[in-house]
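# A closer look at the structure
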Amino acid sequence: MQRTLVWLGLLPTLSHAMRNILFALPLLLGSACALADTLSIAAASDLLHCLPRLNQRFASQNPGTVIKFTAGASGTFFAQIKAGAPFDLFLSADTDYPQKLVDAGLASELTPYAKGRIALWTTRAELDPAQGFKLLDDSRLQKLAIANPAVAPYGRAAKAALEGAGVLPRLGGKLVQGENIAQTAQYVQSGNADAGIVSYSLLKAADSRPGGRYWLIPAELHPPIRQAGIVVAASNHKAIASRYLQALTGEQGKQLLISCGFDLP
């Protein structure tokens, strides 16, 4: 308060032009802040290493846009958006969750953008993932990590692949679950799991290679991992969110997704 009084006391001694500048400054700052669009994106964890590249490009092409990017499990984001979480855009690792939001009137339409793949990955030198699921019979493999099938589409795909190969019953207590596919990969990288079934994109798109070896699980062993996005109906930034989706599904976005290990829808 004292500083405010001092500045107000000085106002009569300032020139007319300087007084105008001081009074206009808050308005100018407010206008500058209004020009900035903050786009809040809820994105599946398989996009963790890929989306920042698109974010940087999009922000450079749309000056004044600030992108807030949160990665996690698609099912968790679905529940949060349904409860009113202030996201503008939801990029899911499946089509089911965003379609449910469309059906509930919380989004207008579904935009498919990619198809994912899963891989059996280990960083332990003595384990060879080239064996495929035969690796799971190796006594040295004590923990296999997958994402939680209840909230993570990649976890559902991993479980389906294990069931399809007939190996799920043999795993018993060896199976551990991460909340999302990024946490599942962390279990493997930290050594808390001997191997894991993770998103291929997390292995291919990482700026620094995570190391180890992997086996790309045949796509026919699990349902297709079709991924789609929606603009949240309650968003105050629908126009910029729609432009982002257009960039993701445009030619540059497609090439980026391919380079990150995704197939196109």
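Residues numbered from 1 in each chain as written. Predicted model: local features only at pLDDT ≥ 70, side-chain atom pairs only at ≥ 80, totals over all residues. Heavy atoms only, no water.

## Quick look at the overall build of the protein chain
For the protein chain, the count of helices and strands is 11 helices and 10 strands. Across the 265 residues of the protein chain, 45% fall into the buried class. For the protein chain, the share of sequence-separated contacts (at least 6 apart) that also reach a separation of at least 24 residues comes to 75%. Summing over all exposed atoms, the protein chain offers an accessible surface of approximately 13200 Å²; the carbon and sulfur share of this is 56%. (Helix = DSSP H or I, 4+ residues; strand = E, 2+ residues; numbered from the N terminus. Buried < 20%, exposed > 50% of the residue type's maximum accessible area, 1.4 Å probe, protein only. Contact = heavy atoms within 4.5 Å. Areas by Shrake-Rupley, 256 points an atom, 1.4 Å probe, with all protein chains shown as cover.)

## Digging into helix α5 (residues 96-103)
For α5, the full list of buried residues reads Tyr97, Pro98, Leu101 and Val102. Taken end-on, α5 shows its buried residues confined to a sector of 145°, consistent with a single buried face. Among the structural elements, α4 (74-82), β3 (89-91), α6 (153-164) and β10 (225-231) are those in contact with the buried residues of α5. Where α5 terminates, the next one or two residues include Gly105, which has phi positive at roughly 80°. (Arc of directions from axis to C-beta.)

## What about the state of the cysteines?
Tallying each qualifying case throughout the model produces one disulfide. Two residues share a disulfide in this structure: Cys50 and Cys260, whose sulfurs sit 2.3 Å from each other. Its torsion about the S-S bond being 90°, the disulfide of Cys50 and Cys260 is classed as right-handed. Taken together, the positions of Cys50 in the loop between β1 (37-44) and α3 (51-61) and Cys260 in the segment after α11 (251-259) put the pair 210 residues apart, joining distant regions of the chain. Its relative accessible area of 2% is what places Cys50 among the buried residues. Overall, the relative accessible area of 0% leaves Cys260 in the buried class. (Disulfide = S-S within 2.5 Å.)

## Looking at the confidence of the model for the protein chain
Chain-level statistics for the protein chain give a pLDDT mean of 88 and a share of 85% at 70 or above. Predicted confidence is poor over residues 1-35, with pLDDT under 50, and the contacts of this stretch with residues over four places away or in other chains come to seven contacts. (pLDDT = per-residue confidence, 0-100.)

## Observations concerning the sheet that holds strand β9 (residues 213-216)
Judged by pairing direction, the sheet is mixed, and its five strands sit side by side in the order β7-β6-β8-β5-β9 without closing on themselves. Only two strands of the sheet have a single partner each, and these edge strands are β7 (175-178) and β9. Taking each pair of neighbouring strands and ignoring which way they run, the sheet shows an average axis angle of 30°. Two elements, strand β6 (residues 144-147) and strand β8 (residues 195-199), share two bridges in a ladder whose sense is parallel. Considered in β8, the bridge of Leu144 is made with Ala195. (Pairing = 2+ DSSP bridges. Axes fitted to C-alpha atoms, helices over the stretch in contact; angles between N-to-C directions.)

## Regarding the pattern of salt bridges
Enumeration over the complete set of coordinates arrives at eight salt bridges. Between Asp94 and Arg156 there is a salt bridge, and its shortest N-O distance comes to 2.8 Å. One end of the pair, Asp94, is in the loop between β3 and α5; the other, Arg156, is in helix α6, and 62 residues separate them in sequence. In this structure, Arg213 engages Asp128 in a salt bridge whose closest nitrogen and oxygen atoms are separated by 3.7 Å. A residue pair is termed long-range when its members are at least 10 positions apart, and Arg213 in strand β9 and Asp128 in the loop between β5 (118-122) and β6 qualify at 85 residues. Residue classification places Arg213 among the partly exposed residues on the basis of a relative accessible area of 38%. A cluster of three or more residues bridged by salt bridges with shared partners is formed by Asp94, Asp96 and Arg156. (Salt bridge = Lys/Arg side-chain N within 4 Å of Asp/Glu carboxyl O.)

## As for the sheet that holds strand β2 (residues 65-72)
Strand order in the open sheet formed by five strands is β2-β1-β3-β10-β4, and the pairing between neighbours is mixed. Taken across any chain shown, the strands that pair with only one partner, and hence form the sheet edges, are β2 and β4 (111-116). Averaged over neighbouring strand pairs, the angle between their axes works out to 20° when direction is ignored. The pairing of β3 with β10 spans three bridges and is classified as antiparallel. Bridge assignment links Leu89 to a residue of β10, and that residue is Val231. Each of β3 and β10 touches α5; the most contacted strand, β10, lies at about 35° to it.

## Considerations on the packing of α3 against α11
Close contact between α3 and α11 brings their axes to 11 Å; oriented N to C, the two are set at 160°. Looking at the two axes, α3 sits roughly antiparallel to α11. Relative to α11, α3 is oriented so that their crossing is right-handed. Residues Arg53, Leu54, Arg57 and Gln61 of α3 pack against Gln252, Leu256 and Ser259 of α11. For the contact of α3 with α11, the class distribution of residues is two nonpolar, three polar and two charged. (Parallel < 35°, antiparallel > 145°, perpendicular 65-115°, else oblique. Left-handed = near helix turned anticlockwise from the far one by under 90°. Nonpolar A, V, L, I, M, F, W, Y, C, P; charged D, E, K, R; others polar.)

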